Amino acid sequence: MRHDAVFTPLTHFYRIASQFSRRVLKRSGWGWGGGQTNNARIPADDWKEVASLARRRFPAMCVNKFQDVTTILFDLDNTLINTKAADQFACEQVSQYLRGQGVRRTTAQAAVEKFYQYVRDTPQNPIDENGDADAWRLLLWRQALGPSLSTWASSCYSVWCEARARRLHLPADVHDLLLELRRRYKLGVVTNGPSSCQWEKIRRLPSHLFDAIVVSGDVLRKKPCPAIFEEAFRQLDSAPQECAMIGDRLDTDIAGAVAANCAVTILLRPPEVTPTTDEEDPQPDFVISHLREIPDLLPERKGFSFLCQSRSLGVFHSLREDVPTWSKP
């Protein structure tokens, strides 16, 4: 995770406050103590002075890019659901099936590897992207198996579909995360791919979690084209400056969100993925290894950003209960 996503310990704030004359706090009617927090306020001028020094000394603590965000957009493949792992698992099941039919291990493995590459390179008929996905995949299996094994194409495709469907689901922890986020944010999906292929996966998602789903095959625009994001903004009734985009690809998800002027961009990069070093790729605002890390970036988890914007220490204490309390003497 990048440094600006890390919450600096609040002890730094108290060190900053101690640099000011005691009469500032005394004039405000405040002192250090263990009593209950009340609703009194530090005078505006004094508070601005404290906050100003805090911003200069520790800018990462006070700048929160999420402060104006009302909408969070997600990529689908390998972000919300692990499509790559599902495809690999399905191919392994087909390889086992072929070996069970007497096909040599090396021959079976070569066939499924060919199909895996074919379906990743051309998931849909390039001549008719909204055509019959089943017919196209069956054709790819025939090509991958070759003339000698092409009679097994239909059976292999059935095994592949069944195995893949078992893995194309929203993980339980991600489902719970989306439920929590939906209490405060509008949620949307922006995904590239042929309509039939993408909706096949989208239908497996709980429909109540998302306010809008935009598929490139439906709008005839692909990420990183800003137009597909603009369609999402329209459906969600959100301005670009109110949106955050989360995806696993720099060249489509992050580049497109930057081009569409999204307020925040977050790259999902699992630990096993090797970072790319292409200097032309845009840099995201944050890098996370799992979607579970999203709440750590949000304002409600970063009490100090609220502290710098509000003069009410009662607000501060409602967010952080593990720090000393301010109380009137």
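A quick note: this is a predicted structure, and the numbers were derived from the prediction, not measured.

Rules and cut-offs
- Residues numbered from 1 in each chain as written.
- Predicted model: local features only at pLDDT ≥ 70, side-chain atom pairs only at ≥ 80, totals over all residues.
- Heavy atoms only, no water.
- Helix = DSSP H or I, 4+ residues; strand = E, 2+ residues; numbered from the N terminus.
- Buried < 20%, exposed > 50% of the residue type's maximum accessible area, 1.4 Å probe, protein only.
- Contact = heavy atoms within 4.5 Å.
- Axes fitted to C-alpha atoms, helices over the stretch in contact; angles between N-to-C directions.
- Parallel < 35°, antiparallel > 145°, perpendicular 65-115°, else oblique.
- Left-handed = near helix turned anticlockwise from the far one by under 90°.
- Pairing = 2+ DSSP bridges.
- Expected span 1.5 Å × (residues − 1).
- Polar contact = N/O pair within 3.5 Å; in protein donor to acceptor, adjacent residues only side chain to side chain.
- Right-handed = clockwise from strand over helix to strand, strands pointing away.
- Salt bridge = Lys/Arg side-chain N within 4 Å of Asp/Glu carboxyl O.
- pLDDT = per-residue confidence, 0-100.

Caption draft 1: Spatial organisation of the overall build of the chain. Counting its regular elements, the chain contains 15 helices and eight strands. Every one of the 329 residues in the chain was classed for burial, and the buried ones make up 47%. Long-range contacts, defined here as pairs at least 24 residues apart, represent 67% of the contacts in the chain between residues at least 6 apart.

Caption draft 2: Expanded view of the packing of helix H5 (residues 83-100) against helix H6 (residues 105-121). Close contact between H5 and H6 brings their axes to 9 Å; oriented N to C, the two are set at 150°. When the axis of H5 is compared with that of H6, the two are roughly antiparallel. Handedness of the H5/H6 crossing: right-handed. Two secondary-structure elements touch here, H5 through Lys84, Asp87, Gln88, Cys91, Val94, Ser95, Leu98 and Arg99 and H6 through Arg105, Ala108, Gln109, Val112, Phe115, Tyr116 and Arg120.

Caption draft 3: Fine view of the sheet that holds strand E2 (residues 71-74). Across the sheet, which stays open at both edges, the six strands sit in the order E4-E3-E2-E5-E6-E7 with parallel pairing between neighbours. A strand with exactly one partner marks an edge of an open sheet, and here the two such strands are strand E4 (212-215) and strand E7 (286-288). On average, adjacent strands in this sheet sit at an angle of 20° to one another, irrespective of strand direction. Pairing between E2 and strand E3 (residues 186-191): four bridges, direction parallel. Bridged to Ile72 within E3 is Leu187.

Caption draft 4: The arrangement of helix H7 (residues 133-145) in detail. Taking 1.5 Å as the rise per residue, H7 with 13 residues should run 18 Å; its terminal C-alpha atoms sit 18 Å apart, in good agreement. Looking at H7, one finds that the buried residues are Ala133, Trp136, Arg137, Leu138, Leu140, Trp141, Ala144 and Leu145. Where H7 begins, the capping side chain belongs to Asp132, and its oxygen is found 2.9 Å from the backbone nitrogen of Asp134. Of the residues flanking the end of H7, it is Gly146, one or two places downstream, whose phi is positive at about 80°.

Caption draft 5: View of helix H13 (residues 250-259). Most of H13 is tucked away: seven of the ten residues are buried. Among all positions in H13, only Leu250, Thr252, Asp253, Ile254, Ala255, Gly256 and Ala257 are buried. In this structure, the buried residues of H13 make contact with helix H12 (226-236), strand E5 (243-247) and strand E6 (264-268). Remark: Asn261 follows H13 within two positions and exhibits a positive phi of approximately 65°.

Caption draft 6: Up close: the pairing of E3. Burial of E3 is extensive: five of the six residues sit out of reach of the surface. In this structure, E3 lies alongside E4, joined through four bridges in parallel fashion. Bridge assignment links Gly188 to a residue of E4, and that residue is Ala212. You can see the chain leave E3, run along helix H10 (residues 195-202) and come back into E4, and the turn it takes is right-handed.

Caption draft 7: Examining the pattern of salt bridges more closely. Counted by the stated rule, this structure contains twelve salt bridges. Linking Arg137 and Glu200 is a salt bridge whose minimum nitrogen-to-oxygen distance equals 2.9 Å. On the criterion of sequence distance, the pair formed by Arg137 in helix H7 and Glu200 in helix H10 is long-range, its members being 63 residues apart. For Glu180, the salt bridge goes to Arg183, with nearest N and O atoms at 3.4 Å. Since its relative accessible area comes to 66%, Arg183 is described here as exposed. One salt-bridge network, held together by shared partners, links Asp87, Arg137, Arg164 and Glu200.

Caption draft 8: Focus on the confidence of the model for the chain. Chain-level pLDDT for the chain is 78 on average; 69% of the residues reach the 70-or-more range. Note that pLDDT drops below 50 for residues 19-26; the model gives that stretch nine contacts with residues more than four away or on any other chain. Contacts of residues 302-329 to residues separated by more than four positions or lying in other chains number 84 contacts, the stretch itself having pLDDT below 50.

Caption draft 9: Molecular detail of the environment of Ala163. Mapped onto the elements of the fold, Ala163 is located in helix H8 (residues 153-167). Counting along the chain gives 72 residues from Ala163 to Cys91, while the straight-line C-alpha distance between them is 8.4 Å. If we skip the residues at most four places from it in the chain, Ala163 touches Phe89, Ala90 and Gln93.

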